Amino acid sequence: MNRILIAEDEDRIASFVEKGLRANGFTTTVAADGDTALDYAVSGGFDLMLLDIGLPGRDGFTVLRELREARVTLPVVVLTARDSVRDTVAGLEGGADDWMTKPFRFEELLARVRLRLRTAARAPEVTVLRSGDLTLDLRTRRARASERTVDLTAREFVLLELFLRHPGQVLSREQILSHVWGYDFDPGSNIVDVYVRALRKKLGAERLETVRGMGYRLP
């Protein structure tokens with residue numbers, strides 16, 4: 001029996017979703033604030049989380065970011081009243097598996113929950129990311145380049161993981177900032193350039209390519 005974590009502070013919505021899921025054979029737990037939701041999510045006792053963005057305490061974006069930074073692969077379906085393209089992109093790039101705007105029909109939510117659970121059951125967990133002779137072990141948090149072990153800081157690790165999960169794709173500074181440093185970032189900051197230079201120094205200058213006026217990519 002699949003166990004679903006419902007991170008929602010509006011009692012009416014939480015009750016509506018919980019009753020519907022239980023009627024369809026799921027076990028549910030409700031967390032009414034972001035701190036509780038994160039604690040439950042990292043416990044490993046759930047198969048999927050329904051996550052509201054506007055939670056008290058840690059908001060949904062923060063919960064999602066910290067969950068992924070902790071290497072927790074729990075499938076997350078975001079439920080939110082926010083419907084802007086910016087918020088949707090931020091949520092999906094931040095690690096959400098799906099996104100639904102309120103109000104929604106329960107039948108559609110149920111279909112998406114079942115789809116994400118089937119997908120998670122089929123997909124083997126990736127523990128090592130590779131690109132040529134560059135590897136990153138997500139369990140030991142160690143990188144190797146040309147058979148050489150490379151020590152990384154926590155931010156460098158998250159940055160390299162981002163590039164390895166999107167090989168060949170140009171990542172803008174804004175995308176990198178939002179993924180590695182969160183959503184309260186200064187677009188004028190040069191911190192991305194600083195960390196890219198640090199990675200190049202450790203991995204080799206040829207590892208990360210500058211695409212002028214656009215960003216960086218792992219060739």
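Counting from 1, residues in each chain are numbered in the order their sequence is written. Owing to the predicted nature of the model, reporting of local features is limited to residues with pLDDT of at least 70; listing and counting of side-chain atom pairs is limited to 80 or more, with chain, interface and lining totals taken over all residues. In computing side-chain values, all of the structure's heavy atoms are included and hydrogens and water are not.

### Some words on the sheet that holds strand 6 (residues 128–131)
Counted only if it meets this: One bridge is not enough; two strands pair if DSSP finds at least two bridges between them. The secondary structure listing takes helices from DSSP runs of H or I that are at least 4 residues long and strands from runs of E that are at least 2 residues long, numbered from the N terminus. To define axes, lines are fitted to C-alpha atoms, for helices over the stretch in contact only, and angles between the resulting N-to-C directions are given on a 0 to 180 degree scale. We call two residues in contact whenever any of their non-hydrogen atoms come within 4.5 Å of each other.
The antiparallel open sheet is built from 4 strands, whose spatial order is 6-7-8-9. If you trace the sheet from one side to the other, it starts and ends with strand 6 and strand 9 (148–150), each paired once. Going across the sheet, the axis of each strand differs from the next one's by a mean of 20°, ignoring polarity. Bridge count between strand 7 (residues 134–137) and strand 8 (residues 142–145): 4 bridges; the pairing is antiparallel. Across the sheet, residue Thr135 finds its bridge partner in strand 8, namely Arg144. Against the sheet, helix 6 (residues 154–165) contacts strand 6, strand 7 and strand 8, and its axis sits at roughly 120° relative to strand 7. Here helix 8 (residues 191–203) sits on the sheet and contacts strand 7, strand 8 and strand 9; the angle it forms with strand 9, its principal contact strand, is near 155°.

### Here's the deal with helix 8
Selection criterion: Given a helix with a known number of residues, its expected span is that number minus one, times 1.5 Å. Residue exposure (1.4 Å probe, protein chains only): buried if accessible area is under 20% of the type maximum, exposed if over 50%, otherwise partly exposed. The directions from the helix axis to the C-beta atoms form the arc being described.
Taking 1.5 Å per residue as the helical rise, helix 8 with its 13 residues ought to reach 18 Å, and the 18 Å between its terminal C-alpha atoms agrees with that figure. For helix 8, the complete set of buried residues consists of Val192, Asp193, Val196, Leu199, Arg200 and Leu203. Buried residues of helix 8, seen end-on, are gathered within an arc of 125° and therefore sit on one face of the element. After helix 8 finishes, the residue Gly204 shows a positive phi value of roughly 120°.

### Overview of the pairing of strand 7
Residues Leu134 and Leu136 of strand 7 are buried on one face, and the alternating residues Thr135 and Asp137, pointing to the opposite face, are buried as well. Strand direction decides the pairing type here: strand 6 and strand 7, joined by 4 bridges, are antiparallel. Bridge pairing in strand 7 places Val128 opposite Asp137. The hairpin turn running from strand 6 into strand 7, its antiparallel successor, is 2 residues long, and Gly132 in that turn takes a positive phi close to 65°. Here strand 7 folds back onto strand 8 in antiparallel fashion, the turn holding 4 residues, of which Arg141 has a positive phi close to 60°.

### Some points on the packing of aromatic side chains
Rule in force here: Stacked, tilted and edge-to-face are the three classes assigned to paired rings of Phe, Tyr and Trp, where Trp is represented by its six-membered ring and a pair needs centres within 6.5 Å; plane angles under 30 degrees give stacked, over 60 edge-to-face, the rest tilted. Our definition puts a charge over a ring when NZ of Lys or CZ of Arg is within 6 Å of the ring centre and also within 35 degrees of the ring normal.
For the structure on display, the rule yields 3 aromatic pairs. On the basis of an interplanar angle of 75° and a centroid distance of 6.0 Å, the ring pair of Phe16 and Phe106 is categorised as edge-to-face. Taken together, the residues span a long stretch of sequence, with Phe16 in helix 1 (residues 11–23) and Phe106 in helix 5 (residues 106–122) at a distance of 90 residues. On the basis of relative accessible area, Phe16 is assigned to the partly exposed category, the value being 42%. Between Tyr40 and Phe46 the ring centres are 5.9 Å apart and the planes differ by 70°, which places this aromatic pair in the edge-to-face class. Judged by its relative accessible area of 33%, Tyr40 is partly exposed. For Phe46, a relative accessible area of 9% gives the class buried. Aromatic ring contacts, followed pair by pair, group Phe16, Phe104 and Phe106 into a single cluster. In this structure, Arg141 is placed above the aromatic ring of Phe157, and the distance from its NZ or CZ to the ring centre is 4.0 Å.

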